[in-house]
Amino acid sequence: MAVALGDPRGIGPEITARALAQPLDAEITVIGAEDQIASIDAQRKIAVGSWGLGSGDSIPDRNRVIRAGRIAGHAVETAAKLALNGEVDAIVTAPAHKHALHLAGFPYPGHTEWLAQLAGGVDVAMMLASEPARDDPEDHPLRVVLVTTHVPLRDVPALLTVERVVRTGKVVERSLREWWGIQRPRIAVCALNPHAGEAGLFGDEEERVLAPAAEALGAAGPLPADTVFVRAMRGEFDVVLAPYHDVGMTAIKVAAFGRAVNVTLGLPFPRTSPDHGTALDIAGTGKADPSSMRAAIELAARLATQKA
């Protein structure tokens, strides 16, 4: 498994080192700035440059930001290349600062779209998953998949098409079967408008787009956003398709912040990451919680085993 460190100014190296401090039944390759990976406990280390400029974002220098973005970008691309060549079974990416990546010449809205391009333009989907922490029939997972990702809210209605929802749902079905071993995934489609549109009173996307898509997928819905996630947490659904970024992300982070894991579905290899960003304001202070990074590494190892 490859772990690609994120923005050198952020908490990525810190939480990675702490997440790998406990034994893990996997062989780890760590990729990042040479001076940051030197002390991390891993079977193999691949350097993609050197940082040497400390932690945090206390010095707002454009060249410094570009350098950070370049190191983070090369780490991700190296990890993806290893996975595509079969040298590692899964990759885990630490938080990366999108602005730094853009300035460094990596013009993608997020890792999801970026990795899809590196894998040859495959259909992908962004999932946030909170898996049960113990063998308890009352502790149900919450898995949320975004139909649209990093786009302005004003653009969502135009992007929300039957074809897009169905395509996302198909990626989810295949991934839940192959990586989670769920042979008949129970999918719920979350509504876009309040009260699922109230029969067209608050919008027609439910009747015009989401209902036909749900029918094509054999999914439940569209169901109102204020109840569908609660029903999923009670075990009624294996996954919820959320129409836009914040409705899905808010649900999963309120329910399981620090335990949730970001999973890119549809790639030829598992890719996970923690459920938070670079946290430049606390980098180097020792305050960052490595729980989500550890959960991301453990889930990547589990999915790789299941896929194999």
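Just above sits the structure.
Residues numbered from 1 in each chain as written. Predicted model: local features only at pLDDT ≥ 70, side-chain atom pairs only at ≥ 80, totals over all residues. Heavy atoms only, no water.

## A short note on the packing of aromatic side chains
How two aromatic rings sit relative to each other is set out by the distance from centre to centre and by the angle between their planes.
And step 1. For the coordinates displayed, the defined rule picks out 2 aromatic pairs.
And step 2. Arranged with centres 5.2 Å apart and planes meeting at 40°, the rings of Phe106 and Trp114 form a pair that is tilted.
And step 3. By relative accessible area, Trp114 is classed as buried at 1%. (Phe/Tyr/Trp six-rings, centres within 6.5 Å; stacked < 30°, edge-to-face > 60°. Buried < 20%, exposed > 50% of the residue type's maximum accessible area, 1.4 Å probe, protein only.)

## Looking at the environment of Ile46
And step 1. Examined against the element boundaries, Ile46 turns out to sit in strand E3 (residues 44–47).
And step 2. In this structure the C-alpha to C-alpha distance between Ile46 and Ile71, which are 25 residues apart in sequence, comes to 12 Å.
And step 3. The contacts of Ile46, once residues within four sequence positions are left out, are Thr29, Val30, Ile31, Gly32, Ile37, Thr78 and Leu82. (Helix = DSSP H or I, 4+ residues; strand = E, 2+ residues; numbered from the N terminus. Contact = heavy atoms within 4.5 Å.)

## Digging into the pairing of strand E5 (residues 125–130)
And step 1. The buried fraction of E5 is high, at 6 of 6 residues.
And step 2. Residue alternation in E5 divides its side chains into two sets, Ala125, Met127 and Ala129 and Met126, Leu128 and Ser130, and both sets are buried.
And step 3. Bridge count between E5 and strand E10 (residues 261–265): 5 bridges; the pairing is antiparallel. Bridging from a neighbouring strand, Ala125 pairs with Leu265 of E10.
And step 4. Both E5 and strand E6 (residues 142–146) contribute to a ladder of 5 bridges, which runs antiparallel. Considered in E6, the bridge of Leu128 is made with Val144. (Pairing = 2+ DSSP bridges.)

## Notes on the nonpolar core
And step 1. Residues Met127, Trp180, Leu241, Val263 and Leu265 are the most contacted members of the largest nonpolar core, which totals 55 residues.
And step 2. With 9 residues, helix H11 (residues 291–307) is the largest single contributor of residues to this core.
And step 3. If we ignore the near neighbours within four places in the chain, the residues touching Leu265 are Asp123, Val124, Ala125, Met127, Val145, Val171, Val172, Ser175, Trp179 and Trp180.
And step 4. Formed by 27 residues, the second largest nonpolar core is a distinct cluster that contains Ala2, Ala4, Trp51 and Ile71. (Core = buried A, V, L, I, M, F, W, Y, C linked by side-chain atoms within 4.5 Å.)

## Some thoughts on the environment of Gly258
And step 1. Residue position: Gly258 is located in the loop between helix H10 (245–256) and E10.
And step 2. The class of Gly258 is buried, set by a relative accessible area of 13%.
And step 3. On a C-alpha basis, the gap between Gly258 and Arg167 in space is 29 Å, while along the polypeptide they are 91 residues apart.
And step 4. Gly258 has contacts with Asp275, Ser291 and Ser292, leaving out every residue within four places of it along the chain.

## Focus: the side chain of Ser130
And step 1. For Ser130, the position within the fold is in strand E5.
And step 2. Judged by relative accessible area, which is 6%, Ser130 ranks as buried.
And step 3. A distance of 3.3 Å separates polar atoms of two side chains, one belonging to Ser130 and the other to Arg259.
And step 4. Ignoring sequence-local partners within four residues, the contact set of Ser130 consists of Pro141, Leu142, Ile252, Ala256, Arg259 and Ala260. (Polar contact = N/O pair within 3.5 Å; in protein donor to acceptor, adjacent residues only side chain to side chain.)

## Let's talk about the side chain of Glu14
And step 1. Summarising the element assignment, Glu14 is placed in helix H1 (residues 12–19).
And step 2. The buried category is assigned to Glu14, whose relative accessible area is 18%.
And step 3. Engagement of the side chain of Glu14 in a polar contact is seen with the side chain of Arg18, the distance being 3.1 Å.
And step 4. Engagement of the side chain of Glu14 in a polar contact is seen with the backbone nitrogen of Gly284, the distance being 3.4 Å.
And step 5. Here Glu14 is in contact with Ile282, Ala283, Gly284, Thr285, Gly286, Lys287 and Ala288, once residues within four sequence places are set aside.

## Structural notes on the pattern of salt bridges
And step 1. Enumeration according to the criterion identifies 11 salt bridges in this entry.
And step 2. Linking Glu14 and Arg18 is a salt bridge whose minimum nitrogen-to-oxygen distance equals 3.1 Å. A residue pair is termed a helical-turn pair when its members lie 3 or 4 positions apart in one helix, as Glu14 and Arg18 do in helix H1 at 4 residues.
And step 3. The salt bridge partner of Arg208 is Asp204, with a shortest N-O separation of 3.3 Å. (Salt bridge = Lys/Arg side-chain N within 4 Å of Asp/Glu carboxyl O.)

## A closer look at the packing of helix H9 (residues 225–233) against H10
And step 1. Taken N-terminus to C-terminus, the directions of H9 and H10 make an angle of 45°; their axes are 11 Å apart at the nearest point. Relative to H10, the element H9 is oriented oblique. In the packing of H9 onto H10, the handedness of the crossing is right-handed. From H9, Ala225, Phe229 and Met233 reach across to H10, where they touch Val247, Gly248, Ala251 and Ala255.
And step 2. Here the contact of H9 with H10 is composed, by residue class, of 6 nonpolar, 1 polar and no charged. (Axes fitted to C-alpha atoms, helices over the stretch in contact; angles between N-to-C directions. Parallel < 35°, antiparallel > 145°, perpendicular 65-115°, else oblique. Left-handed = near helix turned anticlockwise from the far one by under 90°. Nonpolar A, V, L, I, M, F, W, Y, C, P; charged D, E, K, R; others polar.)

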